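Structural features, examined
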Amino acid sequence: MRSSYKKEDVVFLLKDITGLVVPQPAEERERLIQSGRHYCEMLPLEYVPSEAYMETYREALKHFAVPVAAAVGRLAERILAQRGASVVLVSLARAGTPIGILLKHYLQNRCGVFPPHYSISIIRGRGIDHNAMRCLLRRYRAEQLLFVDGWIGKGAILGELKKELKRYEGVSPELAVAADPANMTGLCGTHEDILIPSSCLNSTVSGLVSRTFLRDDLIGENDFHGAVYYGELAGEDLSYDFIRTIEAEFGKQKPAQEKAEEGQGIDEVRELAARFGIGDINLIKPGIGEATRVLLRRVPWKVLVREGLEGDPSLSHLFRLAGEKEVPVETYPLRHYKACGLIRKLADT
């Protein structure tokens, strides 16, 4: 799979389907999803950010490079302590890929360890890419593989990973993430709901690669899951600007990891479902990263932000996006998360 990343930074085990899928507007795609079509069979139109939103992104990157770098550093050192120098990083496309590259750079430049890094697809409800798994297991021992993602929201992908990896003896279902506000893994950089600025944009901070795609007419039995390369966005590509900005802060600040909130985020999600009368918890997207995704590529109903954080700079981009899209923002006594996106149930409109 093509990308704007260097081959030595990551190898995408994906099928290039560029030009074969017509992206769909958010409302059309949302209606199909809520009527039963799986999200992986479609691709969203890429959000074209306004200049005001891009300024908000640049401010977010400037303010949050240090905490993200600190989280990546803590995570890298935990990986090295637990898994050793023979680890193989397997990031989950696409949000896991920038974090996987940062981990690889940290381990190379600060620890003298040179882990291979691949990016593969896993899709909620459809599973992991088994052709990609077979490819990896032909090259490496099962115990070497370590899966990487950006963050854990409510744990749906972690649950999918645990279910799917039962068929691969010796492969650990542990998921390494920069941020785990859901309190579901010990292999994280922080349990705080930090802003990872790459969540603010789409392909232009992810190697110009789309989210992954799986549909029988384009993905054959022996194919990897698919993705599109947005070469037309090369002039707007910030993928390495993001990587360089974060890694410039490696080692500058390494505060002790804060204590995790008691309980797990999924319990809070269920409480939100009851409070707002939401029958399908897949319409609740907790955490800054997931709330951002709702505003970028779904049809939002409202955004919740933790009480007292109305002026928090880590939420500025959410307020900007919500304002542009005329989505209401409400304060709520969130515990694990700083923000939560609620998707509109289109049958009610």
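Here is a short report on the structure shown in this document. (Residues numbered from 1 in each chain as written. Predicted model: local features only at pLDDT ≥ 70, side-chain atom pairs only at ≥ 80, totals over all residues. Heavy atoms only, no water.)

Brief notes about the overall build of the protein chain
The test is simple: Secondary structure counts use DSSP, requiring at least four H or I residues in a row for a helix and at least two E residues in a row for a strand, with both numbered from the N terminus. Just to be clear, the radius of gyration here is over C-alpha atoms, and the globule rule we use is 2.2 Å times residues to the power 0.38. Note on classification: 1.4 Å probe, protein chains only; a residue is buried when its accessible area is under 20% of the maximum for its type, exposed when over 50%, partly exposed between these limits. Whether two residues are in contact is decided by their heavy atoms, any of which lying within 4.5 Å being enough. Per-residue and other accessible areas were derived by the Shrake-Rupley procedure at a 1.4 Å probe size, with only the shown protein chains allowed to occlude residues. Charge counting treats Lys and Arg as positive and Asp and Glu as negative, with His and both chain ends excluded. By convention, charge coordinates are those of NZ in Lys, CZ in Arg, CG in Asp, or CD in Glu.
Within the protein chain, the secondary structure is distributed over nine helices and 14 strands. Relative to the 2.2 N^0.38 estimate, which gives 20 Å for 349 residues, the radius of gyration of the protein chain is 19 Å and therefore close to what a compact globule would have. Per-residue burial for the protein chain yields a buried fraction of 59% across its 349 residues. Long-range contacts, defined as pairs at least 24 residues apart, comprise 80% of the intrachain contacts of the protein chain with a sequence gap of at least 6. Accessible surface, the protein chain: about 14,100 Å² in total, of which carbon and sulfur atoms supply 48%. Considering the protein chain, the positive charge centre built from 46 side chains and the negative charge centre built from 47 side chains are found 3 Å apart.

Description of the pairing of strand 3 (residues 88-92)
To keep it simple, the criterion reads: Any two strands with at least two DSSP bridges between them are considered paired. With the strands aimed away from the viewer, a crossover counts as right-handed if its path from the first strand over the helix to the second runs clockwise.
The element strand 3 is extensively covered by neighbouring structure, given that five of its five residues are classed as buried. Here strand 3 shows a buried face lined by Val 88, Val 90 and Leu 92 and a second buried face lined by Leu 89 and Ser 91. Sheet topology places strand 3 next to strand 7 (residues 145-151); four bridges connect them, and they run parallel. Residue pairing for strand 7: Ser 91 is matched across the bridge by Val 148. Pairing of strand 3 with strand 4 (residues 117-120) involves four bridges; the strand directions are parallel. Directly across from Ser 91, in strand 4, lies its bridge partner Ser 119. Crossover connection from strand 3 via helix 3 (residues 96-111) to parallel strand 4: handedness right-handed.

Some words on the sheet that holds strand 14 (residues 339-343)
Note the cut-off: Think of each axis as a best-fit line through the C-alpha atoms, taken over the contacting stretch in the case of a helix, with angles from 0 to 180 degrees between the N-to-C directions.
Strand order in the open sheet formed by four strands is 11-14-12-13, with mixed pairing between adjacent strands. Across the chains shown, the open sheet's two edge strands, defined by having one partner strand only, are strand 11 (284-286) and strand 13 (329-332). Across the sheet, the mean angle from the axis of one strand to that of its neighbour is 25°, orientation sign disregarded. As defined by bridge partners, strand 12 (residues 300-306) adjoins strand 13 across four bridges and the pair is classed as parallel. Bridging from a neighbouring strand, Val 303 pairs with Val 329 of strand 13.

A short note on the layout of surface pockets
To be explicit about the condition: Points on a 1 Å grid over protein atoms alone make up a cavity when a 1.4 Å probe fits among them but cannot get out, and a pocket when they form an open set with protein on both sides within 12 Å along at least five of seven lines; lining residues each have an atom within 4 Å of a point. Grid points are joined across faces, edges and corners, and a volume is the space filled by probe spheres set on the points.
Size it by volume and the second largest pocket reaches roughly 240 Å³. Forming the walls of the second largest pocket are 16 residues, and the residues nearest its centre are Tyr 47, Pro 49, Thr 204, Leu 233 and Glu 236.

Comments concerning the side chain of Glu 164
Heads up, the condition is: Side-chain atoms alone can form a polar contact between residues adjacent in sequence; in general such a contact is a pair of N or O atoms within 3.5 Å, and within protein one must be able to donate a hydrogen while the other accepts it.
Structurally, the position occupied by Glu 164 is in helix 5 (residues 156-164). Under the relative-accessibility criterion, Glu 164 is labelled buried at 8%. Of note is the side chain of Glu 164, whose polar atom sits 2.9 Å from the side chain of His 130. Not counting residues within four places of it along the chain, the set of residues in contact with Glu 164 comprises Gly 127, Ile 128 and His 130.

Quick look at the pattern of salt bridges
What counts is decided by this rule: For this document, the term salt bridge refers to a Lys or Arg side-chain nitrogen within 4 Å of an Asp or Glu carboxyl oxygen.
Taken as a whole and judged by the stated rule, the model has 20 salt bridges. A salt bridge links Arg 126 to Glu 41, with the nearest nitrogen and oxygen atoms 3.0 Å apart. Placement of Arg 126 in the loop between strand 5 (122-123) and strand 6 (127-128) and of Glu 41 in the loop between helix 1 (26-34) and helix 2 (51-83) is noted, with a sequence separation of 85 residues between them. By relative accessible area, Glu 41 is classed as buried at 18%.

A few points about the sheet that holds strand 8 (residues 175-179)
A sheet is described by the order of its strands in space; here six strands give the open sequence 1-4-3-7-8-9, paired in parallel fashion. Of all strands in the sheet, those bounded by a partner on one side alone are strand 1 (11-12) and strand 9 (188-190).

A word on a positive patch on the surface
For clarity, the threshold we go by: Patches draw on residues past 30% relative accessible area with no salt bridge. Two like charges within 9 Å are joined, as are two nonpolar side chains (Val, Leu, Ile, Met, Phe, Trp, Tyr) within 5 Å.
A cluster of basic residues, Arg 134, Arg 138, Arg 139 and Arg 167, forms a positive patch at the surface. Mapped onto the elements, Arg 139 comes out in helix 4 (residues 130-139).

What to know about the packing of helix 2 against helix 6 (residues 239-247)
Where we set the bar: Relative orientations are named as follows: roughly parallel for angles under 35 degrees, roughly antiparallel for angles over 145 degrees, roughly perpendicular for angles from 65 to 115 degrees, and oblique for any other angle. Handedness of a crossing is defined here by the sense of rotation of the near helix relative to the far one, left-handed for an anticlockwise turn of less than a right angle and right-handed for a clockwise turn. Gly falls in the polar group here, along with every residue not listed as nonpolar (Ala, Val, Leu, Ile, Met, Phe, Trp, Tyr, Cys, Pro) or charged (Asp, Glu, Lys, Arg).
As a packed pair, helix 2 and helix 6 sit with axes 8 Å apart at the nearest point and diverge in direction by 45°. Put simply, helix 2 runs oblique to helix 6. Classified by chirality, the crossing of helix 6 by helix 2 is right-handed. Contact residues: Tyr 57, Leu 61, Ala 65, Val 68 and Ala 69 in helix 2; Asp 241, Phe 242, Thr 245 and Ile 246 in helix 6. Of the residues assigned to the contact of helix 2 with helix 6, the class counts are seven nonpolar, one polar and one charged.

Observations regarding the nonpolar core
Going by this rule: What makes a nonpolar core is a set of buried Ala, Val, Leu, Ile, Met, Phe, Trp, Tyr and Cys residues whose side-chain atoms join them at distances within 4.5 Å.
Counting residues in each nonpolar core, the largest one holds 81 residues, and the members touching the most others are Tyr 57, Ile 79, Leu 102, Leu 103, Ile 196, Phe 242 and Ile 246. Within the residue set of this core, elements represented by two or more residues are helix 2, helix 3, strand 7, strand 8, helix 6, helix 8 (288-297), strand 12 and helix 9 (316-325). At 14 residues, the largest contribution of residues to this core is made by helix 2. The residues contacting Leu 102, other than those within four sequence positions of it, are Val 72, Phe 242, Ile 243, Ile 246, Glu 247 and Phe 250. Counting 42 residues, the second-largest nonpolar core is a separate cluster that includes Tyr 118, Ile 122, Leu 145 and Leu 283.

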